[in-house]
Amino acid sequence: MKTTEIAIIGAGPAGLSCAVEAAKAGAKVTLLDENLKPGGQLFKQIHKFFGSREHQAGTRGFRIGEQLLKETEELGVEVLLNAAVYGIYENKTLAYVKDGKDHALRAERIVIAAGASENALSFPGCTLPGVMGAGAAQTMINVHRVLPGKKILMVGSGNVGLIVSYQLMQAGAEVKALIEAAPQIGGYGVHAAKIRRAGVPIYVSTTIKEALGTEAVEGVVIHSLDEKWQPIPGTERTLDVDTICLAVGLSPLTELAWMAGCEFTFIPPLGGHVPIHDENMETTLPGIYVAGDITGVEEASSAMEEGRLAGVASAESLGYYDEDTAKRLKDEIWQRLNSLRTGPFGEGRFKAKIKQLQARRQLA
Amino acid sequence: MRIKHHPILNDETRECNATIIVDGKKVPAIEGEPIAAALLAAGIRKFRETPKYHKPRGIFCAIGRCTDCVMIVDGIPNVRTCVTPVRNGMVIKTQKGLGEWGEKS
Amino acid sequence: MTQKIGVKYQGFPSDEELAKIPGVPDAERIKRGPVAFIECAQEIPCNPCEEACPYGAIQVGKPITNLPKLDPKKCVGCGNCIAACPGLAIFVVNGSKDKAEISFPYEYYPLPEKGQIVDCVDRSGKTVTSGKVLRVIKSPKYDQTAVITVEVDQEYINVVRSIKRLGGPEHE
Ligand SMILES: Cc1cc2nc3c(=O)[nH]c(=O)nc-3n(C[C@H](O)[C@H](O)[C@H](O)COP(=O)(O)OP(=O)(O)OC[C@H]3O[C@@H](n4cnc5c(N)ncnc54)[C@H](O)[C@@H]3O)c2cc1C
Ligand code: SF4
Ligand code: SF4
Ligand code: FES
């Protein structure tokens, strides 16, 4: 059976950063991703990122991805692409499919950095061609350079909805409106301001009544909601759109962690059921770590920091970092993580993350 | 519709260098791009019909998770077109229901 | 239903919110010459503007979620911060000439040309006046973000924040 020291599932920002930290110390690292290209979400992010200097703020997401790839290459990390992991079994053995064949990989440490998947939304007509995840539209325009439609309705005002709206216009589409069921815009005001300036109306307390069309989306009816989130009769409006993009949240991709037997806790601000982990990103199963959106949906900057933590900690546990060096590195990472989790947008996540860590201590 | 010009990604440098046959019609494509991208570029949005109620479906996730985009590719049903790369001469058919093996032509 | 105003409801800051942003230049300063106008009204974890200013006129400090604070005395209106801001939230205004000059970031295709007369829009995207494009700067340093300067009547100096997109869906 193929063996390695640290197996990392998912080559997004979390998995790549983890690989870099662990390989730097000398550990033998194998990175697996089901896609044909590594990078996870990063390669569709063509906007300049937020954050601080350490997080390469002001740099476009895909350039950060290129940088991380270069580092993993230089460090000799083994990257298995088109390799979908479907099981974690005893003795830290992974089962994965590559090129249509089953393979097994035995590791001493496993890091699950599988990211998150987009939520769907149910309404009459929601299965018509032309209704798609905002991330799907983003992949099509920024990675494959194809417009999925010309006239768009965006549903959801979090940063994903705001940013993808902006990017659809950069790709040449027209965004007819962005609607949000809550009474307030969820994402950053600066992202909202960009699309407002470009002429996109944002309607809060508004949702979809139905999508129109028989073979594909040909229009959409929206209506307003009252304080109790009930539709207000008479507020229906029909918009001329051919595409409806859903940006209604992400859920951590936790199947593998469930399957492995990690314990979970329920924390809605992090996207629902999330694996419990300690300050080293180690789950309730010794030697199995988690990092990035799978531990609670946040951002690429925090995913990279969590990846680094898991990288340092897993390499330390194999003896590649001495205790002092590891402690210093981990302290630095925690400082940066905590500073990312401040302010009105970060505080909720900060508290949620503390709850997640406390859940670990209570079990101990 | 293909994005020829882009303020951040600059002008498209690739050109269509392949042809795929979709329900009998020739569709230009770029070798290696996902089949779904070539179809959307040609304005094709309906990829299959559901087994029971024959409802049309198109892409939803574009990253190989939801299976909404499956079609019959070179006679093999249930191929996720959003993650399957184009090869010149591929024969693709709208999948009706669960699809049948060997529905080539 | 009356529309509630403010960045959380409309997606752009109200006049009241703008007035509260630390270091926003007053009318007198704007009359003296070009100066940055930062429209970043929420405490988000972000600070590239601080580093981008060669004159040390923008301060975020710690924690990183502090609002950026402009020192209008130090700011010379060089415009370096415009393309550095991932929120595209920094503008430079100049009220020292006959006509008002407004510089803003722009990331759409196609770009306008120097001298072109364009529709100028306010924060809500509404066309409020027409203006002349004075400059279109694309520098490798700006990484694909263009910085455009338009000239409009003085009354629009705090109103105009971009131009109407020129392209539209006809990209084929
Ligand atoms: C529209 C949008 C805009 C964003 N903008 C920003 C921003 O401006 N700043 C910012 O900091 N963040 C931003 N983010 C968030 C950021 O992209 C994510 O938080 C980040 O990518 C999470 O990293 P990750 O490594 O945890 O997961 P991912 O990037 O999702 O990577 C996980 C990888 O694991 C793979 N995988 C999953 N399961 C398996 C399996 N079983 N076998 C093999 N491989 C598997 C996946 O295919 C994927 O490649 C944005 C996100 C979106 C959608
Ligand atoms: S315009 Fe120039 S001087 Fe003024 S804040 Fe921006 S970078 Fe600094
Ligand atoms: S760079 Fe822009 S968005 Fe970030 S803090 Fe500065 S002004 Fe705000
Ligand atoms: S669109 Fe979801 S699997 Fe292809």
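Scroll up to find the structure.
Throughout, residues of each chain are indexed from 1 in the direction in which the sequence is written. Labels are handed out in written order, letters beginning with A for the chains and numbers beginning with 1 for the ligands. In keeping with the model being predicted, local features are shown solely for residues with a pLDDT of at least 70 and side-chain atom pairs are shown and tallied solely at 80 or more, while totals for entire chains, interfaces and linings include all residues. With hydrogens and water stripped out, all remaining heavy atoms of the structure feed into the side-chain values.

Another point: the site of ligand 1. All names here are of chain A. Note on definitions. A residue lies near a molecule or strand when any single heavy atom of the residue is within 4 Å of it. In the region of ligand 1, 34 residues are neighbours, and Asp33, Asn35, His47, Val85 and Asp293 sit closest. Here a polar contact means two N or O atoms within 3.5 Å. Within protein one must be a hydrogen donor candidate and the other an acceptor candidate, and residues neighboring in sequence count only if both atoms are side-chain atoms. Here an oxygen atom of ligand 1 sits 2.8 Å away from a polar atom, N or O, in the main chain of aspartate 293. The Shrake-Rupley method, run with a 1.4 Å probe sphere, supplies the accessible areas, and residue values consider only the shown protein chains as cover. Out of a free accessible area of 1000 Å², ligand 1 has 94% covered by protein chains. A run of H or I in DSSP counts as a helix once it spans at least four residues, and a run of E counts as a strand once it spans at least two, with each numbered from the N terminus. If you list the elements that add at least two residues to the shell around ligand 1, you get α1 (13-24), β4 (83-89), α4 (159-170) and α7 (300-317). When residues are grouped by polarity, Ala, Val, Leu, Ile, Met, Phe, Trp, Tyr, Cys and Pro land in nonpolar, Asp, Glu, Lys and Arg in charged, and all others, Gly among them, in polar. The residue inventory of the shell around ligand 1, partitioned by class, reads 17 nonpolar, 11 polar and 6 charged.

Every residue close to ligand 3 is listed here: Phe50 of chain A together with Ile38, Cys40, Cys46, Pro48, Cys49, Pro68, Cys85, Pro86 and Ile90 of chain C. More than one chain reaches ligand 3: its neighbouring residues belong to chains A and C. Here the residues of the shell around ligand 3 are counted per class, giving 10 nonpolar, no polar and no charged.

Before going further, it helps to examine the sheet that holds strand β11 (residues 202-203) of chain A. Strands belonging to one sheet form pairs held by backbone hydrogen bonds; the direction of such a pair is parallel or antiparallel. Residue and element names in this part refer to chain A. In this analysis, strands are considered paired if DSSP registers two or more bridges between them. Ordered in space as β8-β15-β9-β10-β11, the 5 strands form an open sheet in which the pairing is parallel. Edge positions in the sheet fall to β8 (131-133) and β11, since each has one partner strand and no second. One ladder, built from 4 bridges, connects strand β9 (residues 151-155) with strand β15 (residues 243-246); its direction is parallel. Bridge pairing in β15 places isoleucine 152 opposite threonine 243. Those strands touched by helix α3 (residues 134-142) are β8, β9 and β15, and its axis lies near 85 degrees from that of β8. Contact between two residues is taken to exist if any of their heavy atoms lie within 4.5 Å; hydrogens are not considered. Note on geometry: axes are C-alpha line fits, over the in-contact stretch for helices, and angles between N-to-C directions span 0 to 180 degrees. This element, α4, spans β9, β10 (174-179), β11 and β15 of the sheet and lies at about 170 degrees to β10.

As a further point, take the sheet that holds strand β7 (residues 91-93) of chain B. All names here are of chain B. The strand order across the open sheet formed by 5 strands is β2-β1-β7-β5-β6, and the pairing between neighbours is mixed. Bordering the open sheet on either side are β2 (25-29) and β6 (76-80), each of which pairs with just one other strand. On average, each strand axis in the sheet is tilted by 40 degrees relative to the strand beside it, whichever way the strands run. Strand direction decides the pairing type here: strand β5 (residues 70-73) and β7, joined by 2 bridges, are antiparallel. Paired with valine 73 across the strands is isoleucine 92, a residue of β7.

Here we take up the interface of chain A and chain C. Contacts between the two partners involve 38 residues from chain A, matched on the other side by 43 residues from chain C. Here the quantity called buried area is the accessible surface, traced with a 1.4 Å probe, that two parts lose on coming together, added over both. Of the roughly 3600 Å² buried between chain A and chain C on both sides combined, carbon and sulfur atoms contribute 53%. Taken as a group, Lys48, Arg196 and Arg197 of chain A account for 20% of the area that chain A buries against chain C, more than any other trio of residues on that side. Whenever Lys or Arg places a side-chain nitrogen within 4 Å of a carboxyl oxygen from Asp or Glu, that contact is recorded as a salt bridge. Taken together, the connections running from chain A to chain C amount to 3 salt bridges. Put simply, aspartate 143 of chain C and arginine 63 of chain A hold a salt bridge, and the shortest N to O gap is 2.6 Å. Inspection of the region where chain A meets chain C yields 20 residue pairs in polar contact (both at pLDDT 80 or more).

What the rule picks out here adds up to 33 salt bridges over all chains. Two residues, lysine 70 of chain A and glutamate 74 of chain A, come together in a salt bridge whose shortest N-O distance is 3.9 Å. Of this pair, lysine 70 of chain A and glutamate 74 of chain A both sit in helix α2 (residues 61-74), 4 residues apart, which is roughly one turn of the helix. With relative accessibility at 46%, the residue lysine 70 of chain A sits in the partly exposed group. One salt bridge in this structure joins glutamate 12 of chain B and arginine 145 of chain A, with 3.8 Å as the shortest N-O distance. Here arginine 145 of chain A lies in the loop between α3 and β9 and glutamate 12 of chain B lies in the segment before β1 (18-22), a pairing that spans two chains. Pair check on accessibility: glutamate 12 of chain B and arginine 145 of chain A agree, each one buried. Among the charged side chains, a network of salt bridges with common partners joins Glu298, Glu306, Arg341, Arg349 and Lys353 of chain A. Here's how the labels work: a residue is buried when its accessible area is under 20% of the maximum for its type, exposed when over 50%, partly exposed in between, all with a 1.4 Å probe on protein chains only.

In this section: the pairing of strand β7 (residues 127-137) of chain C. All names here are of chain C. Pairing between strand β6 (residues 117-121) and β7: 5 bridges, direction antiparallel. For cysteine 120, the partnering residue across the bridge sits in β7 and is threonine 129. Counted along the chain from β6 to the antiparallel partner β7, the turn is 5 residues long, and its residue glycine 125 has a positive phi close to 90 degrees. Relative to strand β8 (residues 146-152), β7 runs antiparallel, the two sharing 5 bridges. Opposite arginine 135, over in β8, you have threonine 149 as the bridge partner.

Any functional reading would require information that these geometric values do not contain.
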